[in-house]
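Inside the fold
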There are 2 protein chains.
Amino acid sequence: MARGRISRLSVRDVRFPTSLGGHGSDAMVSLSWLFLGFLHLHLVGMGHLSFSIQTLTTRLPMLSWRLMQEMDSRDMELPSLWEKALKLIGPEKGVVHLATAAILNAVWDLWAKQEGKPLWKLLVDMDPRTLLSCIDFRYITDVLTEEDAYEEQMLMHGYPAYTTSCAWLGYSDDTLKQLCAAALKDGWTRFKVKVGADLQDDMRRCRLIRDMIGPEKTLAACACPQKRKCQMMDANQRWDVPEAVEWMSKLAEFKPLWIEEPTSPDDILGHATISKALVPLGIGVATGEQCHNRVIFKQLLQANALQFLQIDSCRLGSVNENLSVLLMAKKFGIPVCPHAGGVGLCELVQHLIIFDYISVSTSLKNRMCEYVDHLHEHFKYPVVIKQASYMPPKDAGYSTEMKEDSVRKHQYPDGDVWKKLLAAQEN
Amino acid sequence: MARGRISRLSVRDVRFPTSLGGHGSDAMVSLSWLFLGFLHLHLVGMGHLSFSIQTLTTRLPMLSWRLMQEMDSRDMELPSLWEKALKLIGPEKGVVHLATAAILNAVWDLWAKQEGKPLWKLLVDMDPRTLLSCIDFRYITDVLTEEDAYEEQMLMHGYPAYTTSCAWLGYSDDTLKQLCAAALKDGWTRFKVKVGADLQDDMRRCRLIRDMIGPEKTLAACACPQKRKCQMMDANQRWDVPEAVEWMSKLAEFKPLWIEEPTSPDDILGHATISKALVPLGIGVATGEQCHNRVIFKQLLQANALQFLQIDSCRLGSVNENLSVLLMAKKFGIPVCPHAGGVGLCELVQHLIIFDYISVSTSLKNRMCEYVDHLHEHFKYPVVIKQASYMPPKDAGYSTEMKEDSVRKHQYPDGDVWKKLLAAQEN
């Protein structure tokens, strides 16, 4: 059993001015920086932390700092730290849950480094008893008990990815065409489009993408369910329930594989209603990136509320809570297609989905992992994409470390990048 | 339309060492202080803030402070401040939601004071258009649209209460008997018992309470559904779903009116399963005090997951979000029986439930409001209880103000009370 002690820690507020180029724009957020609270655990390891696109995130580093202060006088006994930490700091939701996830992600990184393995390999090699002890089964035993929990197939594989980088809401049609053409050339066949702000705009943009990627072609190498080049749509929680059904019925002609986040991430029954209406039109419902804990995922599965489950490496309580969701998805036969993008999310989540493939789902059917091409250059161990697939990382740890130079430049508000931008704003 | 400007604010960390006497103990919390972040809005008014029993709450004042700093340069346009504030600070759940509720509760207090009315009267007198503009309908329009929203009956009434003060989990049988006898003498007929830690203990304690209050007596003045002296049970989220059903089946012989918080507050479908199993035994399911937003309440109602709905004045986004829940409960015909107790919760929630009676439900059937007899003496306008009923407050505002002397003594860690206690702990 891994043990350690946090001897020192520091939190830094790092931001990337991505919205200057319209990257990341969607139906709810027209202008946003990408924030990153960057957390160092000293002496025994280092790791980075939670990410989200809300303004709120500016408070994450501060919160994490306070939480660490409560925790750092305690010995760490992995893997049960997760349960203890949450018991200590309260409700399994909201920004504190994010901050806890950050701390625990750093601890997982450290554990993997102690073992000298990339995180996915640590998980794959772990004996079933230890793996189960990482999971908090409270509140989910009605769908999952410890007996359900293992699979053994071991295989190394590039994990299929799709790209969100071509069709942010704020891009012009020209930019969209240009990016889509370049991506097709690089081997991408699966594209996501942001929708939800304006129906006429959406129809024009979705038609444009569909025309670019071509109709329903059979692709032997494609991981999509219908073996086709596919288009996904993402509304970023913009709609109410009836509105989602109505809007998507009008976009059905462009044959989207899924509609992502059609409404509030808390609305299990709403997603079930939307699924029921859209599945007959060939459109699945995808959600999960903002589901705040395993109990919400449990219900989404119980209620047939989604056809694609999107875990997030930094929103749930780190590896521990994601493990319970992977197992529940397996039990319900729902494919996991992780949320990624942003700052470091791709780097982290690739470990989880590769583990899912090798040890849990053992299938690529209907499965792919989101990819966004921004900001990887700031990481010491950036993702490696080949032919639109994530190649399994080989370095020890959870791929969380940023380059010191990047942190320094993007630290808010004193890094060079922000000094310049803020000065420009003032003039 | 009310407007104002926050000119100055301060946040103080106030704690009451209630667990020294076992008050507040339940199946999940054996030892807890009662925390209170106390928030002053200066020049234009003052009010106090969110409360919960998690250790976490120590960070609320700090969080609120930061949130206020983001907000206080903005004009306040009531009542839409609520939507704006949440949009500004992110996910509608967790500790940040609590802190926002705190700020907005203070603003509502201030608004009522500007109008020279107690809050319930401000709400009752408000024109329907303004009232509706206080509500954020996003994500709940599938069960509630603005057309549904009003009722008019105006009546002044003492609102029926039940007491939680007699049967905390940590009390000895002797204490329990003594408190129950005294309460009966004071006119209380409705009692809540904490359960969930040990079945044999629970059976003994529930039998004891049932023996004290007597069997199923018809009481003309009683607001309970079956016009009986009644006993409620509260498990404080201790159980998994199947465990809740099994455990409560064994306590059914003591004829509880409801089982409160049988499992995770996020588990809508779990509560539905429990309701389905227990309603035939004459036991309703009650929950809501830890439901983090209106979307969760919407689904609890849609899924027939509860028979008693328990709003909390400080967890939801203040008066605004509670209004939407009151209206949804009305639409589904589910009685609202608010959560109260703790520090100041009774003082606040009485306004909401009195408003509910006069302008929304216009019924007392199956309805009562929780009451806990601790800590009212620290408030400038403490609740007035007569014959086990809340008498409508007459002072302007939201009854949120604490006595300065109480704040000073209980400020953590420098108030007199804490200096002594912390010194004693060290010795």
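Let me sum up the structure you'll find in this document. (Residues numbered from 1 in each chain as written. Chains lettered and ligands numbered in written order. Predicted model: local features only at pLDDT ≥ 70, side-chain atom pairs only at ≥ 80, totals over all residues. Heavy atoms only, no water.)

**Some thoughts on the overall build of chain A**
Counting its secondary structure elements, chain A contains 14 helices and 13 strands. The burial tally for chain A puts 65% of its 427 residues in the buried class. Long-range contacts, defined as pairs at least 24 residues apart, comprise 74% of the intrachain contacts of chain A with a sequence gap of at least 6. Taken as a whole, chain A presents about 15,000 Å² of accessible surface, with 51% of it coming from carbon and sulfur. (Helix = DSSP H or I, 4+ residues; strand = E, 2+ residues; numbered from the N terminus. Buried < 20%, exposed > 50% of the residue type's maximum accessible area, 1.4 Å probe, protein only. Contact = heavy atoms within 4.5 Å. Areas by Shrake-Rupley, 256 points an atom, 1.4 Å probe, with all protein chains shown as cover.)

**Considering the pairing of strand S8 (residues 256-260) of chain B**
Residue and element names in this part refer to chain B. Burial analysis of S8 places 5 of its 5 residues in the buried class, the great majority of the element. Where strand S7 (residues 230-234) meets S8, 3 bridges bridge the pair, whose relative direction is parallel. Within S8, the position partnered with Met233 by the bridge is Ile259. In terms of handedness, the path from S7 via helix H8 (residues 241-251) over to S8 forms a crossover that is right-handed. Sheet topology note: the S8/strand S9 (residues 284-287) ladder contains 3 bridges and is parallel. By the bridge assignment for S9, Trp258 is matched with Gly284. Traced from S8 through helix H9 (residues 268-278) to S9, the parallel crossover comes out right-handed. (Pairing = 2+ DSSP bridges. Right-handed = clockwise from strand over helix to strand, strands pointing away.)

**Here we look at the packing of H8(B) against H9(B)**
Residue and element names in this part refer to chain B. Closest axis-to-axis distance for the H8/H9 pair is 9 Å, and the angle between their directions is 25°. One element, H8, and the other, H9, form an angle in the roughly parallel class. Where H8 crosses over H9, the two elements pack in a sense that is right-handed. The segment H8 lies against H9, with Val241, Ala244, Val245, Met248 and Ser249 engaging Gly270, Thr273, Ile274, Ala277 and Leu278. Residue composition of the contact of H8 with H9, grouped by class: 7 nonpolar, 3 polar and no charged. (Axes fitted to C-alpha atoms, helices over the stretch in contact; angles between N-to-C directions. Parallel < 35°, antiparallel > 145°, perpendicular 65-115°, else oblique. Left-handed = near helix turned anticlockwise from the far one by under 90°. Nonpolar A, V, L, I, M, F, W, Y, C, P; charged D, E, K, R; others polar.)

**Observations concerning the pattern of salt bridges**
Opposite charge on two side chains permits them to pair, given that their charged atoms come into close proximity. Residues and elements named next belong to chain A. Inspection of every chain in the model, using the stated rule, returns 24 salt bridges over all chains. Where Arg207 meets Glu253, a salt bridge forms, and the shortest distance between an N and an O atom there is 3.9 Å. Highlighted residues: Arg207 in helix H7 (residues 199-213) and Glu253 in the loop between helix H8 (241-251) and strand S8 (256-260), separated in sequence by 46 residues. One salt-bridge network, in which partners are shared between bridges, spans Lys192, Lys194, Asp234, Glu260 and Glu370. (Salt bridge = Lys/Arg side-chain N within 4 Å of Asp/Glu carboxyl O.)

**A few points about the packing of aromatic side chains**
All names here are of chain A. Tallied over the full model, the rule gives 10 aromatic pairs over all chains. With 5.4 Å between their ring centres and 80° between their planes, Tyr162 and Trp258 make a pair best called edge-to-face. Taken together, the positions of Tyr162 in strand S5 (residues 159-163) and Trp258 in strand S8 put the pair 96 residues apart, joining distant regions of the chain. The two residues Tyr162 and Trp258 agree in class, both being buried. Taking the centre distance of 5.4 Å and the plane angle of 10° together, the rings of Trp188 and Tyr371 count as stacked. Of this pair, Trp188 sits in the loop between helix H6 (173-185) and strand S6 (190-194) while Tyr371 sits in strand S11 (residues 369-371), and the two are 183 residues apart along the sequence. An identical accessibility class is assigned to Trp188 and Tyr371; each is buried. Through pairs of rings, three or more aromatic residues link up here, namely Tyr162, Trp258 and Phe308. (Phe/Tyr/Trp six-rings, centres within 6.5 Å; stacked < 30°, edge-to-face > 60°.)

**Observations concerning the side chain of B:Asp202**
Structurally, B:Asp202 is set in helix H7 (residues 199-213). No salt bridge forms around the buried B:Asp202; measuring N to O, its nearest opposite-charge neighbour B:Arg205 is 4.6 Å away. (Lys, Arg positive; Asp, Glu negative; His and termini not counted.)

**Some details on helix H10 (residues 294-302) of chain B**
Residues and elements named next belong to chain B. Of all 9 residues that make up H10, 8 are buried, and the element is covered over most of its length. Those residues of H10 that fall on the buried side of the exposure criterion are Arg294, Val295, Ile296, Phe297, Lys298, Gln299, Leu300 and Leu301. Measuring from the backbone nitrogen of Val295 back to the side-chain oxygen at the start of H10 gives 3.0 Å, which picks out Asn293 as the cap. Just downstream of H10, Asn304 is the residue with a positive phi angle, here 50°. (Polar contact = N/O pair within 3.5 Å; in protein donor to acceptor, adjacent residues only side chain to side chain.)

**Considerations on the packing of helix H11 (residues 318-332) of chain A against helix H12 (residues 345-361) of chain A**
Residue and element names in this part refer to chain A. It is at 11 Å that the axes of H11 and H12 come closest, and there the two elements cross at 45°. By the angle class used here, H11 and H12 are oblique. Viewed along their axes, H11 and H12 form a crossing whose handedness is right-handed. Between H11, through Val319, Asn322, Leu323, Leu326, Leu327 and Lys330, and H12, the contact on the second element is made entirely by Leu352, Phe355, Asp356, Val360 and Ser361.

Limitation: the analysis is restricted to geometry and does not speak to function.
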